[in-house]
Structure formats: C-alpha cells, structure tokens
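Breakdown of the fold
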Amino acid sequence: MWEEKYQTLVLSIKKNKHPNMGALVDPPAGDENAYRAAPTTTKKQQLSSTSISRNMMRTVTLEQVVQTVTLEPARGRLRVGILLFQDVQVLDYCGPSEVFSVTRLVGQAPNVQATTTSPFQVILVAETLDPITCRGGMEVMPHVDFDSCPELDIFLVPGGVGTGKLRYYIPVINFVRAKGKECKILAAISSGAILLAQAGLLDKRHVATHHQTLDLLETEFGNSVTVERKLQWVQHGKLFTGAEGIDVSLKIVQQIFGEIAAKATARHMEHAFPDTNQRLVNLDDDENETGCELRCSIM
C-alpha cells in the first residue's frame, strides 16, 4: 500500500494531472472515510485555524458564526501528523511543518513535471481542540483531536518542557503508541524521544536527541535504547530521531522522494542540507556546553 501510493503519485505527475490539493470539495458519495471532520468550533477559533493553515482548512467568512471545519482528503498526498501539547517547543513542530509544506517534487526527467503543491498534507493533532500554548507563549489551534485524527503515513513527536509531564499521562502515551505502530515513518524531535521511549517504540533502537535530553534518556531507558551521543540525527529502519526537526524532516523527504527534492527544499528554506549527522554541539567542550546551557535556559 505504501509503495502503491508513491507509484500513483509519481504517475499522476508524469501525466501532468497532479490534483490541486488546495481546493476543498464535498466527499464523494459512499466514501465517508475520505474526510475527517472536526467538531463545530467558534468563529474566533476558526479564524485562528484558517490563519495557521489556509491550504488545509475551509475559508471562514466574517458572517459565519459557526461552521464545521473539514480536512481535505489526502488524494495521493502523504499525511504527516504532528503532535501538539502544552509547552511544546515551537521550532520542534514549526520546523518540520515548514519542511513538509514547502517540499515540491522537482522535474528529474523530461517527462516528469514539477509539482506546484506539496506531496505532504500536514495535520496538527492534540488531545483536544483547545488552543495550545507553546513554550514562549505562542498559541496554535490543532486541526484534529485524538478521536478525529485520520490514519497517518508519517507521525512526528516534537519535544519541549511539556514532555516531562506527558510521559506519565496515559491518554497521550496510548495515542503515541497506537499512531507510532500505525504509521509508515515515525519521528521524534529532541525530548519527544522520551514519549516514544515511554510508549515502548524505541526498544532495541539507536536514537539521537537534544544534548540536554541525553542523560535522561540513557538513565531511564538505557537498558533498551542505544543513545547516540555524538550524532545529530539517526535513522533506524522507519524511525527517525534527532536533536532538531528541520534536519530530520529533510532526511525524511530524501528517504521518500530522493536527494534532489530534499536538497531543493533545503535551498528554498536557505537551510544547510544535513549531509552529515555529526552533532553540532561539542559535548567534550566544557565552555561550549556551558554557553549552550545558558542560551537554552533563556529561550
């Protein structure tokens, strides 16, 4: 099924019939699973949601007080679910969201047309549809809650100080475990690895994480997880883990659509492509580590 979806997507590109994913239409008769509807929300919530992701949500007019917000069908695109929670680290979810949103399949042969839309559909998912307050105060609205979250091709768990409490919160751990087993590619950014480890998804795996999470991951899960202290990111089978999210997401793009598409995405973002996975922070340099700890503590 995983390979068939890619073949269908590539075939549609070759025929220059890649669908316009920005449009929302009513679900076809008899295909209720093609769309997942979120519960009715207030006008304020919808306007916030629309400003966050206009390409995924139905446009809300000022005259509409309430309206059902409906996700468009994937229709060949790969669904990327990004977990949100209180005190999530902004860069850990915004970085990956940007990578997957701006990815384009560039023409690699005369008969292959470059796409004008991303092959990924980003879905922000949280336990409820209530606003999420990120670390630093940014507020964001989830697209779906746990109950209405569709099947995901890629599931990404960001980090943040909020993971400290969530690792003991059974509903979140159960959801992470279920989606982690369901998806084709699983990713953890920074301390998001703690949630995956708590859910038993890192057993017998090699893992990279933020330098401030290394000791905790080794102390709590060292008997079942191999922590790579000198690596910035690691791929182990379908699992991708790393210290920060942009590099990990670019490697996922490379894994699926190849190096040309991944490097084109990095260039568009004016971000260095991760040709090496050597850790950027020198953990053996006491002065470097002290300075980094100070900067991280005030972020």
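Note that this is a predicted model, so its numbers are computed, not measured.

**Observations concerning the overall build of the protein chain**
Summing up its helical and strand segments, the protein chain has ten helices and eleven strands in all. Here the protein chain has roughly 14700 Å² of accessible surface; of this, 50% comes from carbon and sulfur atoms.

**Overview of the packing of aromatic side chains**
For the structure on display, the rule yields four aromatic pairs. Between Phe146 and Phe175, the ring centres sit 3.9 Å apart and the planes meet at 5°, which makes this aromatic pair stacked. Linking Phe146 in the loop between strand E5 (144–145) and strand E6 (154–157) with Phe175 in helix H5 (residues 170–182), this pair joins segments that are 29 residues apart in sequence. You can call Phe146 buried: its relative accessible area is 15%. Note on Phe175: relative accessible area 8%, which makes it buried.

**Section: the pattern of salt bridges**
Under the criterion given, the structure shown has seven salt bridges. Between Glu151 and Lys184 there is a salt bridge, and its shortest N-O distance comes to 3.9 Å. With Glu151 in the loop between E5 and E6 and Lys184 in the loop between H5 and strand E7 (185–189), this residue pair connects regions lying 33 residues apart in the sequence. For the salt bridge of Lys179 with Glu182, the shortest nitrogen-to-oxygen distance reads 3.2 Å. Of this pair, Lys179 and Glu182 both sit in helix H5, three residues apart, which is roughly one turn of the helix. Assessed through its relative accessible area of 28%, Glu182 is described here as partly exposed. Via salt bridges that share partners, Asp215, Glu218 and Arg229 belong to a single interconnected network.

**Notes on helix H7 (residues 214–221)**
Taken together, the buried positions of H7 are occupied by Leu214, Leu217 and Phe221. Viewed along the axis of H7, the buried residues span an arc of 80°, placing them on a single side of the element. Considering only its buried residues, H7 is in contact with helix H6 (192–198), strand E8 (205–207) and strand E9 (225–227).

**Section: the pairing of strand E10 (residues 233–236)**
Side-chain positions along a regular strand alternate between the two faces of the sheet. Strand direction decides the pairing type here: E10 and strand E11 (residues 239–242), joined by four bridges, are antiparallel. Looking at E11, one finds that His236 is bridged to Leu239. Connecting E10 to the next strand, E11, in antiparallel fashion are two residues, including Gly237 with a positive phi near 65°.

**Here we look at the nonpolar core**
Soluble globular proteins tend to bury their nonpolar side chains together. If you look at the biggest cluster of nonpolar residues, it comprises 68 residues, and the most contacted ones within it are Leu83, Phe120, Phe155, Val176, Leu196 and Ile252. Among the elements that take part in this core, helix H8 (residues 245–257) stands out by supplying seven residues, more than any other. Dropping the residues within four chain positions of it, Val176 is found in contact with Leu83, Phe155, Val157, Leu195, Leu196, Ala199 and Leu201.

**What about unusual backbone geometry?**
The residue Ser190 is not glycine, and still its phi comes out positive at about 55°. Unusually for a residue other than glycine, Lys204 sits at a positive phi of about 60°. Relative to the helices and strands, Lys204 resides in the loop between H6 and E8.

**Focus on the pairing of strand E2 (residues 120–126)**
Burial runs high along E2: seven of the seven residues are buried. Judged by which residues are buried, E2 turns out to be covered on both faces: Phe120, Val122, Leu124 and Ala126 on one side and Gln121, Ile123 and Val125 on the other are all buried. As paired strands, strand E1 (residues 78–83) and E2 are joined by six bridges and run parallel to one another. Each bridged residue has a counterpart across the sheet, and for Val80 the counterpart in E2 is Val122. Sheet topology note: the E2/E5 ladder contains two bridges and is parallel. Looking at the pairing, Val125 lines up with Val144 of E5.

Cut-off values and rules
Residues numbered from 1 in each chain as written. Predicted model: local features only at pLDDT ≥ 70, side-chain atom pairs only at ≥ 80, totals over all residues. Heavy atoms only, no water. Helix = DSSP H or I, 4+ residues; strand = E, 2+ residues; numbered from the N terminus. Areas by Shrake-Rupley, 256 points an atom, 1.4 Å probe, with all protein chains shown as cover. Phe/Tyr/Trp six-rings, centres within 6.5 Å; stacked < 30°, edge-to-face > 60°. Buried < 20%, exposed > 50% of the residue type's maximum accessible area, 1.4 Å probe, protein only. Salt bridge = Lys/Arg side-chain N within 4 Å of Asp/Glu carboxyl O. Arc of directions from axis to C-beta. Contact = heavy atoms within 4.5 Å. Pairing = 2+ DSSP bridges. Core = buried A, V, L, I, M, F, W, Y, C linked by side-chain atoms within 4.5 Å.

That's the geometry; what it means functionally is another story.
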